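Spelled out, the chains give:
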Amino acid sequence: SSGSRDEAVRDRRAQILSRGLPKQKPIEGVKQVVVLASGKGGVGKSTTAVNVALALAANDSTKEVGLLDADIYGPSIPKMMNLKGNPELTPKNLMRPLKNYGIACMSMGFLVEETAPVVWRGLMVMSAVEKLLRQVDWGQLDYLVIDMPPGTGDVQLSVSQNIPIAGAVIVSTPQDVALLDARKGAEMFRKVHVPVLGLVQNMSVFQCPKCKHETHIFGAGGVSDLAKTLGLDVLGDVPFHVNIRETCDSGQPVVISQPQSDA
């Protein structure tokens, strides 16, 4: 019948297309991988990734959590997690993650000088990402949180196609230019069959510390509107608060240093 012929053609096409894709291989010792991504830079994705990793550990002390900084050009996890130094090597020549607040961390920032720019072409970046994924002794982790670079390029595709990902979280601020890119980020993950867990609205409202007047500097409700359009949940609504910025800059993220604060 024509229906069965069409199905056979679709199966054949899927087989041919899948030949060029790498086979997904889990990271040894890691149970669940969650990626935090954004279409645009500067929306607080790394800050969110750090606090999500710390919150996962704080919510259940029996869980082991790791944090991978996949932003090769602009690694910020070392500063936010108050970590410096080079990883030690195991007898099997694997890098040992640096640890703080109970979180195992790996970043390009541990492998280059703090002020040195990474001036690399795409192939070298891909090789570095592969090393950060595969040549690290993560031990036994319940969750590995990956802080992705902004955009929808090589690194995002490589990570999505090489390892099984439990879900992606998209971080955005409420203004239209960020939302345009956040939508592209969500659609990219859907294209590569990574479940999108939901959206986080960051820097949603600024409250004056003196008069308590609230101002929606980047607009209001943009992320919830996008979530409705995409059929996704809003997982969190984070205010534009000086404490969140100061605590991450000082290497004492707000989830650890001020766990009872509204922020």
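Going by what an unreviewed UniProt entry lists, the protein is known as Iron-sulfur cluster transfer protein NUBPL and is assigned to Centropus unirufus. Comment text from UniProt for the protein, heading Sequence similarities (unreviewed entry), reads "Belongs to the Mrp/NBP35 ATP-binding proteins family." Taken from UniProt, the Subcellular location (unreviewed entry) comment for the protein reads in full: "Mitochondrion".

Just checking my understanding: could you explain the layout of surface pockets for this structure?
Rolled over the atoms, a probe as big as a water molecule pinpoints where empty space is left. Quantified by volume, the largest pocket comes out at close to 750 Å³. For the largest pocket, the lining is made up of 38 residues, of which Thr47, Thr48, Asn202, Val238 and Ile244 are closest to its centre. Looking at the lining of the largest pocket, the elements that each hand over two or more residues are helix H2 (45–59), strand S10 (234–237), helix H8 (242–249) and helix H9 (254–257). If one sorts the elements of the lining of the largest pocket by residue count, H2 sits on top with seven residues. Of the residues contributing to the lining of the largest pocket, the split by class is 19 nonpolar, 13 polar and six charged.

Could you clarify how one ought to interpret helix H5 (residues 154–162) in this entry?
Helical geometry: 3.6 residues make up each α-helical turn, so side chains three or four residues apart lie on a common side. What H5 keeps buried is the set Val155, Gln156, Ser158, Val159, Ser160 and Asn162. In this fold, the buried residues of H5 make contact with helix H4 (122–134), strand S5 (141–147) and helix H6 (176–191).

Quick question: what am I supposed to make of the sheet that holds strand S7 (residues 196–201) here?
Two orientations exist for strands paired in a sheet by backbone hydrogen bonds: parallel and antiparallel. Taken together, the eight strands give an open sheet; going across it, the order is S3-S4-S2-S5-S1-S6-S7-S10, and neighbouring strands pair in mixed fashion. On the outer flanks of this sheet lie strand S3 (98–100) and S10, each paired with one strand and no other. Here the average twist between neighbouring strands, direction ignored, is 25 degrees. Relative to strand S6 (residues 167–172), H6 is tilted by about 170 degrees, and along the sheet it contacts strand S1 (30–37), S6 and S7.

What exactly am I supposed to notice about the pairing of S5 here?
Sheet faces and side chains relate simply in a regular strand, where the side chains alternate between the two faces. Counting buried positions along S5 gives six out of seven residues, so the element sits mostly inside the fold. Where S1 and S5 come together, six bridges link them in parallel fashion. Considered in S5, the bridge of Val34 is made with Val145.

Scoring rules and cut-offs
Residues numbered from 1 in each chain as written. Predicted model: local features only at pLDDT ≥ 70, side-chain atom pairs only at ≥ 80, totals over all residues. Heavy atoms only, no water. UniProt positions renumbered as here; feature names shortened; annotations may be inferred. 1 Å grid on protein atoms, 1.4 Å probe; cavity = no way out; pocket = protein on both sides within 12 Å on 5 of 7 lines; lining within 4 Å. Points joined across faces, edges and corners; volume = space filled by probe spheres on them. Helix = DSSP H or I, 4+ residues; strand = E, 2+ residues; numbered from the N terminus. Nonpolar A, V, L, I, M, F, W, Y, C, P; charged D, E, K, R; others polar. Buried < 20%, exposed > 50% of the residue type's maximum accessible area, 1.4 Å probe, protein only. Contact = heavy atoms within 4.5 Å. Pairing = 2+ DSSP bridges. Axes fitted to C-alpha atoms, helices over the stretch in contact; angles between N-to-C directions.

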